[in-house]
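Structural overview for review
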Protein chains: 2
Amino acid sequence: MTAKQRAYDSVQTKETILLHAKALFSKKGYKGVSISDICAAAGLSKGSIYHHFKNKEDLFVQLAELSFADSWKDWDSRSVRFSSATDKLYAYSELYADNVDLSLTKAGEDFMATTGADSAAFQQFGAILTDYVRRFEDIIREGIENGEFKPEEPGEMAFALLSSYSGLANNSRYLDKENVRRLFRKMTDMLLDGIRK
Amino acid sequence: MTAKQRAYDSVQTKETILLHAKALFSKKGYKGVSISDICAAAGLSKGSIYHHFKNKEDLFVQLAELSFADSWKDWDSRSVRFSSATDKLYAYSELYADNVDLSLTKAGEDFMATTGADSAAFQQFGAILTDYVRRFEDIIREGIENGEFKPEEPGEMAFALLSSYSGLANNSRYLDKENVRRLFRKMTDMLLDGIRK
DNA sequence: CTAAACATACCGAGCGTTCGGTATGTCAAT
DNA sequence: ATTGACATACCGAACGCTCGGTATGTTTAG
């Protein structure tokens, strides 16, 4: 006996929309994806999408909110396995590498360049990003406190490290998965010990 | 005595278009800038722009070609002053920092995501990028050869370093000039010596 | 019956691009 | 030196199309 089939499932539908939207945004950026594109991918009509989301900006911000939250939840469950901040950094970069094709960083930049800085959605997204850096900062701070990393301003270090990873992610778009992983590992090597002999 | 007065000056006009286009593209990305935007900024009509360029893609590729060529020319005249590859790296990062507001890297990513990989313009731009990395690679290779840097694959190192700088440039969009310079210097410190204690 | 969930049809604005037309410049023949 | 033929530079209206968004209708759940 299967459960009663329901033609309407609001929660499921919203998840479907966000799922396809994420794939599209991460591949084509914010402006590169139209609502119609999302409709076609999700197999839904515009009316349905605009029933669940106020507008395109709202859709993107909600997507970013959920994506980053999920991503950190995933991270939390993994990171406990690693005792040192150094190991955590490698694990983080590996996680990043495995999700380059579903990363919203590029779309986020696009979104911020597109959306006016006065917009509410813009500030919401800005808050998400700030929070993201702050969470990453915790790893750095941990490394500093137990003597693994140099004792410098953790906020700046977090910003710089994340910039390196996001830059690498943007430029790895046309590489195969294996190479991406190798490059992210190499990047972490570099960020830890530098290129100087 | 002024130079010969001319009602039309094709070269000047084209330069004007490219100048304003560069400022707009670097701020709003490729898709974020319309031909009308460029018209308004340059004080010209659409017809005029399409007289000088085949289409939007052509305009962007020509702009990228000239920009990168100019940028390297500028670099060549500066870099001779520095004897070590380490010094050159700092000088390069400073040059990058001073031009974040006129950088086409983000617009280039946007362009590649927008334009089909089969397009001629796409491949032209790809060639420009490849050439750019190769030129930067020369600095790395020099550093390796005279024992400043670790003897690793210079192509990969160039790719990684440039990714770090471009990522930082993308994320520095809302910072003031002084902070951007400081962050780029910090990034170079990090890339040279790492964050490990 | 009511309300939520979804579809359909449509809107005005803006997009990249085209095109007919108009200045302006060049140059050879007179 | 003037003229007429032609090329170049530029304009602005308009095209076909897509965009984000809305109004309205239909289906399903409770």
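See the structure printed just above.
First, a word on scope: everything that follows refers to the structure included in this document. Owing to the predicted nature of the structure, the values given are computational and were not obtained by experimental measurement.

A few words now on the overall build of chain A. Of the regular secondary structure elements, chain A holds nine helices and zero strands. The linear arrangement of helices and strands in chain A, starting from the amino end, is α-α-α-α-α-α-α-α-α. With the principal axes as the frame, chain A shows a C-alpha extent of 60 × 50 × 30 Å. Long-range contacts, defined as pairs at least 24 residues apart, comprise 64% of the intrachain contacts of chain A with a sequence gap of at least 6. Looking at charge distribution, chain A has the averaged site of its 27 positive side-chain charges lying 6 Å from that of its 29 negative ones.

Turning our attention to the protein's contact with DNA strand C. Close contacts around DNA strand C come from 21 residues, with Thr13, Ser45 and His51 of chain A together with Tyr50 and Lys56 of chain B the closest. Counted by atom, the contact set of DNA strand C within 4 Å of the protein is 69% sugar and phosphate. Side-chain polar atom of serine 34 of chain B to a phosphate oxygen of DNA strand C: 3.3 Å apart, as the coordinates give it. Between DNA strand C and the protein, one listed contact pairs a base oxygen with a side-chain N or O atom of lysine 46 of chain B at 3.2 Å.

Tallied over the entire structure, the rule returns 24 salt bridges over all chains. With a shortest N-O distance of 3.6 Å, arginine 181 of chain A and aspartate 98 of chain A are connected by a salt bridge. Taken together, the residues span a long stretch of sequence, with arginine 181 of chain A in helix α9 (residues 177-193) and aspartate 98 of chain A in helix α5 (residues 85-98) at a distance of 83 residues. Note on arginine 181 of chain A: relative accessible area 29%, which makes it partly exposed. Classification of aspartate 98 of chain A as partly exposed rests on a relative accessible area of 25%. Notably, a salt bridge pairs glutamate 156 of chain B with arginine 182 of chain A, separated by 2.0 Å at the nearest N-O pair. One end of the pair, glutamate 156 of chain B, is in helix α8 (residues 154-171); the other, arginine 182 of chain A, is in helix α9, on a second chain. The class of glutamate 156 of chain B is buried, set by a relative accessible area of 17%. When salt bridges with common partners are traced through the structure, they connect Glu152 and Glu156 of chain A together with Arg182 and Lys186 of chain B into a single cluster.

Another aspect to go through is the packing of aromatic side chains. All names here are of chain B. Overall, the coordinates contain 36 aromatic pairs over all chains when judged by the stated rule. With centroids separated by 6.2 Å and ring planes inclined at 40 degrees, the aromatic side chains of tyrosine 96 and tyrosine 165 adopt a geometry described as tilted. Placement of tyrosine 96 in helix α5 (residues 85-97) and of tyrosine 165 in helix α8 is noted, with a sequence separation of 69 residues between them. Residue tyrosine 96 shares its accessibility class with tyrosine 165, and that shared class is buried. With 5.5 Å between their ring centres and 35 degrees between their planes, tyrosine 96 and phenylalanine 184 make a pair best called tilted. In this pair, tyrosine 96 sits in helix α5 while phenylalanine 184 sits in helix α9 (residues 177-193), placing the two residues 88 residues apart along the sequence.

What follows concerns the protein's contact with DNA strand D. For DNA strand D, the set of nearby residues contains 20 residues, the closest of which are Lys46 and Lys56 of chain A together with Ser10, Thr13 and His52 of chain B. Between a phosphate oxygen of DNA strand D and a side-chain N or O atom of serine 10 of chain B, the distance comes to 2.7 Å. Threonine 13 of chain B places a side-chain nitrogen or oxygen 2.6 Å from a phosphate oxygen of DNA strand D. At the level of secondary structure, the elements contributing two or more residues to the surface near DNA strand D comprise α3 (46-52) of chain A together with α1 (10-28) and α3 (46-52) of chain B. Broken down by element, the residue count for the surface near DNA strand D peaks at four residues, all from α3 of chain B. Tallied by class, the residues present in the surface near DNA strand D amount to seven nonpolar, nine polar and four charged.

Let us look at the side chain of serine 67 of chain A. Summarising the element assignment, serine 67 of chain A is placed in helix α4 (residues 56-79). Once residues lying within four places of it in the same chain are set aside, the contact partners of serine 67 of chain A are Lys22 and Leu104 of chain A.

Between chain A and chain B, which share one sequence, the superposing operator has a rotation angle of 180 degrees and an axial displacement of 0.0 Å; the RMSD is 0.1 Å. Within this description, the copies of the chain are treated as partners about a two-fold rotation axis. A share of 98% of the interface residues of chain A reappears at the interface of chain B, consistent with the copies meeting face to face through the same patch.

A few words now on the interface of chain A and chain B. Contacts between chain A and chain B engage 43 residues on the former and 44 residues on the latter. Carbon and sulfur atoms make up 56% of the surface buried where chain A meets chain B, a total of about 4,200 Å² over both sides. By the criterion of area lost to chain B, the three top residues of chain A are Glu156, Ile195 and Arg196 of chain A, representing 18% of everything that side buries. Where chain A packs against chain B, one counts eight salt bridges. Salt-bridge contacts for lysine 186 of chain B lead to glutamate 156 of chain A; the nearest nitrogen and oxygen are separated by 3.7 Å. The interface formed by chain A and chain B holds 24 residue pairs in polar contact (both at pLDDT 80 or more) in total.

Residue and element names in this part refer to chain A. The topology assignment puts proline 154 in helix α8 (residues 154-171). Residue classification places proline 154 among the buried positions, given a relative accessible area of 15%. Put simply, proline 154 and isoleucine 139 are 15 residues apart on the chain and 9.0 Å apart in space, counted from C-alpha to C-alpha. Proline 154 has contacts with Glu137, Ile140, Arg141 and Ile144, leaving out every residue within four places of it along the chain.

Basis of the calculations
Residues numbered from 1 in each chain as written. Chains lettered and ligands numbered in written order. Predicted model: local features only at pLDDT ≥ 70, side-chain atom pairs only at ≥ 80, totals over all residues. Heavy atoms only, no water. Helix = DSSP H or I, 4+ residues; strand = E, 2+ residues; numbered from the N terminus. Contact = heavy atoms within 4.5 Å. Lys, Arg positive; Asp, Glu negative; His and termini not counted. Charge placed at Lys NZ, Arg CZ, Asp CG, Glu CD. Near = heavy atom within 4 Å. Polar contact = N/O pair within 3.5 Å; in protein donor to acceptor, adjacent residues only side chain to side chain. Salt bridge = Lys/Arg side-chain N within 4 Å of Asp/Glu carboxyl O. Buried < 20%, exposed > 50% of the residue type's maximum accessible area, 1.4 Å probe, protein only. Phe/Tyr/Trp six-rings, centres within 6.5 Å; stacked < 30°, edge-to-face > 60°. Nonpolar A, V, L, I, M, F, W, Y, C, P; charged D, E, K, R; others polar. Least-squares fit on C-alpha atoms with pLDDT ≥ 70 in both. Buried area = accessible area lost by both parts, 1.4 Å probe.

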